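# Observations on the model geometry
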Amino acid sequence: MSNEVRTIFNRIAPVYDQLNDRLSLGQHRIWKEMTVKWSGVKLGDTSLDLCCGSGDLTFRLARHVGMTGQIYGVDFSANLLDTAQERCKNHHPQPPISWIEADVLNLPFDDNYFDAATMGYGLRNVKDIPRSLQEIHRVLKPGAKAAILDFHRPSNQQFRAVQQWYLDNLVVPIATNLGLKDEYAYISPSLDRFPSGKEQIELACQAGFVDVTHYPIANDMMGVLVVIR
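I will try to describe carefully the structure that is included in this document. Given the structure is predicted, the values throughout are model-derived calculations rather than measurements.

## Comments concerning the packing of aromatic side chains
- Taken as a whole and judged by the stated rule, the model has 9 aromatic pairs.
- Ring centres 4.3 Å apart and planes at 10 degrees place the aromatic pair Trp-38 and Tyr-215 in the stacked group. Of this pair, Trp-38 sits in helix H3 (residues 28-38) while Tyr-215 sits in strand S6 (residues 211-217), placing them 177 residues apart in sequence.
- Residue class for Tyr-215 comes out partly exposed when judged on its relative accessible area of 31%.
- Consider the rings of Tyr-121 and Phe-151, whose centres lie 5.5 Å apart with planes at 55 degrees: the pair is tilted. Highlighted residues: Tyr-121 in the loop between strand S4 (114-120) and helix H6 (129-139) and Phe-151 in strand S5 (residues 140-151), separated in sequence by 30 residues. We note that Tyr-121, like Phe-151, is buried.
- Through a chain of ring-to-ring contacts, the aromatic side chains of Tyr-72, Phe-109, Tyr-113 and Phe-114 assemble into a single cluster.

## Brief notes about the side chain of Asp-45
- The topology assignment puts Asp-45 in the loop between H3 and strand S1 (46-50).
- Of the residues examined, Asp-45 reaches a relative accessible area of 5% and is grouped as buried.
- Separated by 2.9 Å, the side chain of Asp-45 and the backbone nitrogen of Lys-42 make a polar contact.

## Structural notes on unusual backbone geometry
- Across the junction of His-92 and Pro-93, the peptide omega takes the value 0 degrees, indicating a cis bond.
- Residue position: Pro-93 is located in the loop between helix H5 (78-88) and strand S3 (97-101).
- Of note, the phi angle at Cys-51 is positive, near 50 degrees, even though the residue is not glycine.
- Within the secondary structure, Cys-51 sits in the loop between S1 and helix H4 (56-65).
- Classification of Cys-51 by relative accessible area gives buried; the value is 9%.
- Notably, Asn-112 is not glycine yet its phi reads approximately 50 degrees, a positive angle.

## Focus on the sheet that holds strand S2 (residues 70-75)
- Across the sheet, which stays open at both edges, the 7 strands sit in the order S3-S2-S1-S4-S5-S7-S6 with mixed pairing between neighbours. Two strands in the sheet have a free side with no partner beyond their single neighbour: S3 and S6. Neighbour-to-neighbour, the strand axes of the sheet open up by a mean angle of 15 degrees, direction not taken into account.
- As judged from the 7 bridges shared by S5 and strand S7 (residues 222-228), these two strands associate in the antiparallel manner.

## Quick word on H3
- By the burial criterion, the buried members of H3 are His-28, Trp-31, Lys-32, Thr-35 and Val-36. The buried residues of H3 occupy one face: seen down the axis, they fall within an arc of 140 degrees.
- Directly after H3, the chain includes Gly-40, whose backbone phi takes a positive value near 75 degrees.

Reading the values: the criteria
Residues numbered from 1 in each chain as written. Predicted model: local features only at pLDDT ≥ 70, side-chain atom pairs only at ≥ 80, totals over all residues. Heavy atoms only, no water. Phe/Tyr/Trp six-rings, centres within 6.5 Å; stacked < 30°, edge-to-face > 60°. Helix = DSSP H or I, 4+ residues; strand = E, 2+ residues; numbered from the N terminus. Buried < 20%, exposed > 50% of the residue type's maximum accessible area, 1.4 Å probe, protein only. Polar contact = N/O pair within 3.5 Å; in protein donor to acceptor, adjacent residues only side chain to side chain. Pairing = 2+ DSSP bridges. Axes fitted to C-alpha atoms, helices over the stretch in contact; angles between N-to-C directions. Arc of directions from axis to C-beta.

Encoded structure:
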């Protein structure tokens, strides 16, 4: 990811969770639970949450692996990782989570290491999507799954218009009230550049995954790419 995007996420860290809740009308919790379920994570697994932010998906993974598993939460924003670690202090007993500041294009893990992986709202922001998918493929064990949640541009023009209205009239004004207009105005252009579900499937197949599905959710305004190594 670029330094510009890193700066954005470091700046929004203090209000990241509050904004996610307000901008999704609380729905992001449901989408994240679906993503964790689709990752196939289970008790005792060693699992990875990429672009973990303040830890929402990471903590969900931790509940599934239990105290016999191990979770790695990876992000390039030191501020968001600090927020995640602060939130972690409220969990008793302490979940088996290691927080790591790293680049998703160059992960500090061995090949064939993880039983499952998730990524929430990260793939759209990486500089090199094919490289990111290749890295996920590299660190997963054969047969392991990854589930990748992100915004998605609907193919239906009506839903696309609704999504754009939502971004222009809800997301940006809320962010503006918090002094973060520029930080959230980037979502719309980033969506225009983001591959469609069909294109994501093609990229994942090119990265070497043997089984790939893209699940549209929220009227195709969100999607979860599920890949099997």
